[in-house]
Amino acid sequence: MSGPNTQYDPVEVAALDPAAIDRAVEDALAQIAAATTLDQLKAARTAHQGEKSPLALANREIGALPPSAKAEAGKRVGQARGRVGHALRERQEELEAERDARILVEETVDLTVRVPRRPLGARHPVSLVSERVEDIFVAMGWEIAEGPEIEAEWLNFDALNIAADHPARQEQDTFFVDPPGSGLVLRTHTSPVQVRTMLERRPPIYVLCPGKVFRTDDLDATHTPVFHQFEGLVVDEGITMAHLKGTLDAFVQRLFGAGVETRLRPNYFPFTEPSAEIDCRCWVCGGSGTLGGVRCRTCGGTGWIELGGSGMVNQRVLRAAGVDPGRYTGFAFGLGIERSLMLRHNVADMHDIVEGDVRFSRQFGMEI
Amino acid sequence: MHAPVSWLRELADVPADATGADVAAALVRVGLEEEGLHGGDVRGPLVVGRVLEATDEPQRNGKVIRWCSVDVGQNGQMLTEGRHQEIVCGAHNFAVGDLVVCVLPGGVLPGGFEIGARKTYGHLSNGMICSARELGLGDDHEGIIVLQELLGGQATVDLKPGDDAIALLGLGDEVVEVNVTPDRGYCLSLRGIAREYALSTGVAFRDPADLSVRTGEGTRVAEPPVGAQSPVRPYAVHLRDQAPLAGRAGCDRYIARVVRGVDVGAASPAWMQKRLTQVGMRPISLAVDVTNYVMMLLGQPLHAFDLDTLSGSVGTRRARPGERLTTLDGVERRLDPEDLLVVDGSDTPLAVAGVMGGASSEVSASTTNLLIEAAHFDPVSVARSARRHRLSTEASRRFERGVDPDVTAAAAQLAVDLLVGLGGGTADGVTDVDHRVPREPVDFDTQLPTRYVGLEYPRDEVVTTLRAIGCEVGGDGRVVSVLPPSWRPDLLDGPDLVEEVARVRGYDQIPSAVPPGLAGAGLTHGQRVRRLVATTLAQQGLVEVLTYPFVGPELFDRLGYPADDPRRRTVRLGNPLSEEAPLMRTSVLDTLVEALRRNVARGTRDCALYELGLVVAPREEQPAAPVPGIDDRPDDETLRLVLHAVPPQPRHVAFAATGDAEAGGPWGAARPVDAADAVAWARGVARALGLDLVVSAADRAPWHPGRCARLALADGTTVGHAGELHPKVTAALELPARTVAGELDVDVLVAATGSPVHARPLSTYPPAHTDVALVVPEEVPAAAVEAALREGAGGSLESVVLFDLYRGDQVPAAHRSLAYRLTFRADDRTMTTDEVSALRDRAVAAAARATGAVQR
Ligand SMILES: [Zn+2]
């Protein structure tokens, strides 16, 4: 490297020749523009910005110039280096952007391919309907009560005013537990939970008793020997049939839709007196009984759908459970969950509900 | 119960324009359930025809058909341009000149059978000559109806061919079928139905039991005036009951009537046959038809004995042990000492009282003298006998539900009158043994309906309604004395009467009001846990199912349970759905495996199921449950015994899976489900509840002895087991090999949770990691090594993760190397390398002590 030389004529110094610098800049710009990859640009950077590049050499030569010439030469070389540096940066950004875009394109994955990595399972719709019903009543301030499925006969029948020789007891198609005289049955309804609840706590009582029940029916499209019910029980001062009707109205509207209304019809159940059958207006045909000129299949053309039984708790039941019928009255009702499921979700055949085929539950997911 | 509208019209003022549907609606309003509407579905042309020619033509199939030419009046012109109809008929019980019933093409018979002209046996048959059965008029289909025989010569004098037969035979008559609830026994009669109709619509009711007012066809007989029968030879009746049920006599009223010289071979009249057919009974013979007819009209079952087979008197007693009786259905029945029998004077059993008569005293073709029984039997006694002998008869159904004890005499009298009038007999005197207990009035607060229903019922309305249903009401205060009518044994207390008041005003008048309610506590902890368990399994990919909890005894063998396994102890059903599955499951897995098998059989190769449900875990000594009375709450000790007799029924969750846990495809290879999945699902369930299960190796049926994990709480309480099923079990259950399964006791999980988690503050200092490889004998479980490391490393250990497992040249035979990454973190400082090393050394030392581990 040469030291300062006061005698040196800048024009004589080839590297600092303005034309040569212009040429070097043009060469650099041309190569930068021509670079189509980051590697080519890197080569261009080495060639035109590296230590051995013409402009670097020119820059080094400035020191050798007499002071009078330094400023001008420095300015000329600085501008040239600035232009090259700017072009490099711009091209660098362009090429990097191109590369990033290309990588994203290359990384494209066809997400329409269904990758069943860890498929979600499903709840059984009977459980979901049951929980939904529970939530409706819990929201009204009720609690959920439960009991065993193998139950004492006294709780399943006698305490509910269904005496041993009462015809109603024969109509229940009961599973009996061996040996005869065991005093046990598979509960035929969730009503024994009513009795258990009244035996356990003092009024006011507002409970819903959901659960599995058993009847010796054969499985067919609409019957199953093992099914689910929910039973409501309210015992408090001043409870009337109007409260029963109000509760049922609120319930059916929340489960089946706004505007659905209930109708009570006289009926007979040993554990309630007065007793009532619960119908609700068919929400499919709006109660007209016909759909597009043909008989409505949901209600069989009657405009009403039978939901279950209800009534005022028989005072004999209250007494058996130790509740003073002079002070308290109560109502109770019982509805079937499978039936609600079939009605609400158009399930045509009971077999699908009870056979445990995963394809059935999978239709519903985890909320119903 | 079937109620023909035309019959009903005789007992109540049914408006002339009321249809069957109107009648049904009126009955439904007061609490009868409509089961169906029958009849009224016959469409013409159905006309009277006169047979002009009849030619028998033998056929190649051996049948002889009769080709007839029938004059059907001007109806013929529509079809055969005025010529007589040519009709082919299979019956031969008629002659030229007879009047018959012809359905012509276009007509519709009961059941919707539309008739057309059709070619048959070489002729074009223009319709059909009808039998009684084809028209729904009776059971007779052997021959066609000859109108002169059916209606009598006198009634057919004015008939001419072409007359409408629908009106003539009452085929337009509709029959309303209602379901009668067990409390409404009186509605198992036209008398009861008519009373309800009158109550619902406010029209007049004529009581057919009031024999002084005779109306209608049913009593259109030439009878002597009531009470004018010959008083000779009243038949002796001896009522005995050695063993009354609950102190009630088996029979509190018995009327015996003798009718002599009856032509029992005579057919009952057409009107009676038609009515019996309409109400679903088969006409049989005059004697049987009359007793059935009176039962249908009045609700009082009657029995007719062949008097000449009896030894001079009739009575009741309970059966003797070992005694037998062949009933009318031909079955020899072993009688029970609780059965009440009707016996004759020589103590020979004649009938199971109120259920079915015996064959030996049955009315036969040679019978001429009849004994008619009209009795009132104890409902409970009849119910038990009917149940014991599996004999639900028209009589037992009525006695069980309560027959009006005041209708007995009228029913006997009406039957006698009909037999005398229609069968040409003569009646002896009346024997009426009457031990009826007078009914008790009940005190009734007239404000009770308002209190129960939530609707204002004025006192006047209450009293008027009670009188309308037949009660006698006395007193003029707020509390009145009510004597329910004899036909309403179900009216026992205030609420029973409230229902009457409410249903007569109409349930549709009841307003809708939300009860006051209270601030509920929401779901219990156990209920919330259960939902979370179910949801967690579903979120791990399993599908919930609900199976029937019934199993067969050989299942426990297939599951490989040892002989003394407590899970073999279960509850047996006396009347299972299937003899193959009489037991209740003791694990949910018992029945879940069958659901898994079914899914696989249906083509779901990759299948993971779970079920939450109750199982039974009976005590070793299972006491019988007492059955106390219901007049009061049982005393505490009795109640304890009732509740204690109910076997414990813990709630379990089980899961089972087969096939791939992760499916294979373009993204990679499939991963078959394995035992570790089963353990992971169980741990997932526990973790969702904030619990970490302790996993240890176990050998327990039905799992693979080398691939079974016991899952326990930190305190050692077993929660359940999970792993791969034993190969013998999968083979026996026809499940795919390598099926995995698990079962957890949800009640244990519920009991172990529920107290609030106390949160620890989080350290913001950096963690320090250190790795350690330990060589242990094969049989040392990883969980034991990990537990020892945790114990030795102390409180600042944050996690222990197994990141490598090695077997091979670098370790001794029957050993493996477990490589763990230990992560430490202090609450108050950055830990130094020296500190971490020291803790790691302590952890390794602890593992060495506990498991013989050697650091590699
Ligand atoms: Zn509808």
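Residues numbered from 1 in each chain as written. Chains lettered and ligands numbered in written order. Predicted model: local features only at pLDDT ≥ 70, side-chain atom pairs only at ≥ 80, totals over all residues. Heavy atoms only, no water.

(A) Representation of the overall build of chain A. Secondary structure assignment for chain A yields 13 helices and 11 strands. For chain A, the C-alpha radius of gyration of 44 Å lies well beyond 21 Å, the compact-globule estimate for 368 residues. Projected onto the principal axes, the alpha-carbon positions of chain A cover approximately 135 × 50 × 45 Å. Within the span of chain A, comprising 368 residues, buried residues form 56% of the whole. Relative to all contacts within chain A whose residues are 6 or more apart in sequence, the contacts with residues 24 or more apart total 68%. With the model as given, the accessible surface of chain A reaches about 16000 Å², and the carbon-plus-sulfur share is 50%. (Helix = DSSP H or I, 4+ residues; strand = E, 2+ residues; numbered from the N terminus. Rg over C-alpha atoms; globule rule 2.2 N^0.38 Å. Buried < 20%, exposed > 50% of the residue type's maximum accessible area, 1.4 Å probe, protein only. Contact = heavy atoms within 4.5 Å. Areas by Shrake-Rupley, 256 points an atom, 1.4 Å probe, with all protein chains shown as cover.)

(B) Fine view of the pattern of salt bridges. Residues and elements named next belong to chain B. Within the structure shown, the criterion is met by 81 salt bridges over all chains. One salt bridge connects Asp 56 with Arg 66, and the closest N-O pair in it is separated by 2.8 Å. Of this pair, Asp 56 sits in strand β3 (residues 46-58) while Arg 66 sits in strand β4 (residues 64-71); the two residues are 10 residues apart in sequence, bridging distant segments of the chain. By relative accessible area, which is 39% here, Asp 56 ends up partly exposed. Asp 445 serves as the salt-bridge partner of Arg 478, at 2.8 Å between the closest nitrogen and oxygen. Highlighted residues: Arg 478 in the loop between β25 (472-474) and β26 (479-483) and Asp 445 in strand β24 (residues 442-445), separated in sequence by 33 residues. Each of the salt bridges in this network shares a partner with another, and the network as a whole consists of Asp 183, Arg 184, Glu 196, Arg 488, Asp 490, Glu 499, Glu 500 and Arg 503. (Salt bridge = Lys/Arg side-chain N within 4 Å of Asp/Glu carboxyl O.)

(C) Representation of the sheet that holds strand β35 (residues 703-712) of chain B in the model. Residues and elements named next belong to chain B. The strand order β27-β30-β31-β37-β36-β35-β34 describes an open sheet built from 7 strands, whose pairing is mixed. Each edge of the sheet is formed by a strand with only one pairing partner; in this case those strands are β27 (543-544) and β34 (694-697). Note: β34 against β35, 4 bridges, orientation antiparallel. Bridge pairing links Val 695 to Leu 711 in β35. Each of β30 (607-614) and β31 (651-658) touches helix α15 (residues 525-539); the most contacted strand, β30, lies at about 170 degrees to it. (Pairing = 2+ DSSP bridges. Axes fitted to C-alpha atoms, helices over the stretch in contact; angles between N-to-C directions.)

(D) Seen up close, the environment of A:Gly257. Residues and elements named next belong to chain A. By the secondary structure assignment, Gly 257 is in the loop between α9 (241-256) and β6 (262-269). In this structure Gly 257 comes out as partly exposed when scored by relative accessible area, which is 23%. Residues Gly 257 and Arg 344, spaced 87 residues apart in sequence, show a C-alpha to C-alpha distance of 9.8 Å.

(E) A look at empty space enclosed by the protein. With the rule as written, the count across this model stands at 5 cavities of 30 Å³ or more. Of the volumes computed, that of the largest cavity is approximately 530 Å³. Forming the walls of the largest cavity are 27 residues, and the residues nearest its centre are A:Ser130, A:Glu134, A:Glu146, B:Arg530 and B:Arg651. Sort the elements by how many residues they give to the lining of the largest cavity and helix α5 (residues 125-139) of chain A lands first, with 5 residues. Considering only residue class, the lining of the largest cavity consists of 9 nonpolar, 7 polar and 11 charged. (1 Å grid on protein atoms, 1.4 Å probe; cavity = no way out; pocket = protein on both sides within 12 Å on 5 of 7 lines; lining within 4 Å. Points joined across faces, edges and corners; volume = space filled by probe spheres on them. Nonpolar A, V, L, I, M, F, W, Y, C, P; charged D, E, K, R; others polar.)

(F) Broad picture of the domain arrangement of chain B. Along its sequence, chain B is carved into domain 1 (2-40 + 174-201), domain 2 (46-168), domain 3 (236-434), domain 4 (445-509), domain 5 (525-615 + 650-752) and domain 6 (768-855). One C-alpha centre belongs to domain 2 of chain B, the other to domain 6 of chain B, and the line joining them spans 102 Å. (Domains from an automatic or database assignment.)

(G) Region of the structure containing the coordination of the zinc ion. Residues and elements named next belong to chain A. Only Cys 282 (SG), Cys 285 (SG), Cys 296 (SG) and Cys 299 (SG) from the protein coordinate the zinc ion, and they sit 2.2 to 2.3 Å from it. Taken together, the 4 donor atoms surrounding the zinc ion define angles of 103 to 115 degrees at the centre, an arrangement classified as tetrahedral. Read N to C, the donor residues that coordinate the zinc ion are spaced as C-x2-C-x10-C-x2-C. Assigned by exposure class, Cys 282 and Cys 285 land together as buried. (Donors = N, O, S within 2.8 Å, 3.2 Å for Na, K, Ca; no water. Tetrahedral: all angles 85-135°; square planar, octahedral: opposite > 155°, others 65-115°.)

(H) Broad picture of the domain arrangement of chain A. Domain annotation for chain A reports domain 1 (10-106) and domain 2 (125-362). Each of domain 1 of chain A and domain 2 of chain A was reduced to a C-alpha centroid, and the two centroids are 90 Å apart.

(I) Looking closely at the interface of chain A and chain B. Every contact between the two is made by 110 residues of chain A and, on the other side, 102 residues of chain B. Looking only at chain A, the three residues that lose the most surface to chain B are A:Trp154, A:Asp165 and A:Pro266, adding up to 8% of its buried area. At the surface where chain A touches chain B, the tally comes to 8 salt bridges. Along the contact surface separating chain A from chain B lie 45 residue pairs in polar contact (both at pLDDT 80 or more). Take the side of chain A that touches chain B: its biggest share by element is 7 residues, from α9(A). When the residues that make up the side of chain A that touches chain B are grouped by side-chain class, the tally is 50 nonpolar, 27 polar and 33 charged. (Buried area = accessible area lost by both parts, 1.4 Å probe. Polar contact = N/O pair within 3.5 Å; in protein donor to acceptor, adjacent residues only side chain to side chain.)

(J) Spotlight on the sheet that holds strand β13 (residues 236-239) of chain B. Residue and element names in this part refer to chain B. As summarised here, the arrangement of the 5 strands in space is β13-β16-β19-β20-β21, forming an open sheet in which the pairing is mixed. Two strands lie at the open edges of the sheet, namely β13 and β21 (356-357), each paired on one side alone. In this structure, strand β19 (residues 340-344) lies alongside strand β20 (residues 349-352), joined through 3 bridges in antiparallel fashion. Note that in β20 the partner of Leu 341 across the bridge is Val 352.

(K) How the structure looks around the side chain of B:Thr367. Residue and element names in this part refer to chain B. Its place among the elements puts Thr 367 in the loop between β21 and β22 (370-377). Overall, the relative accessible area of 3% leaves Thr 367 in the buried class. One polar contact links Thr 367 to Asp 306, side chain to side chain, over a distance of 2.9 Å. Of note is the side chain of Thr 367, whose polar atom sits 2.7 Å from the backbone nitrogen of Ser 364. Excluding residues that lie within four positions of it along the chain, Thr 367 makes contacts with Val 262, Val 264, Asp 306 and Glu 362.

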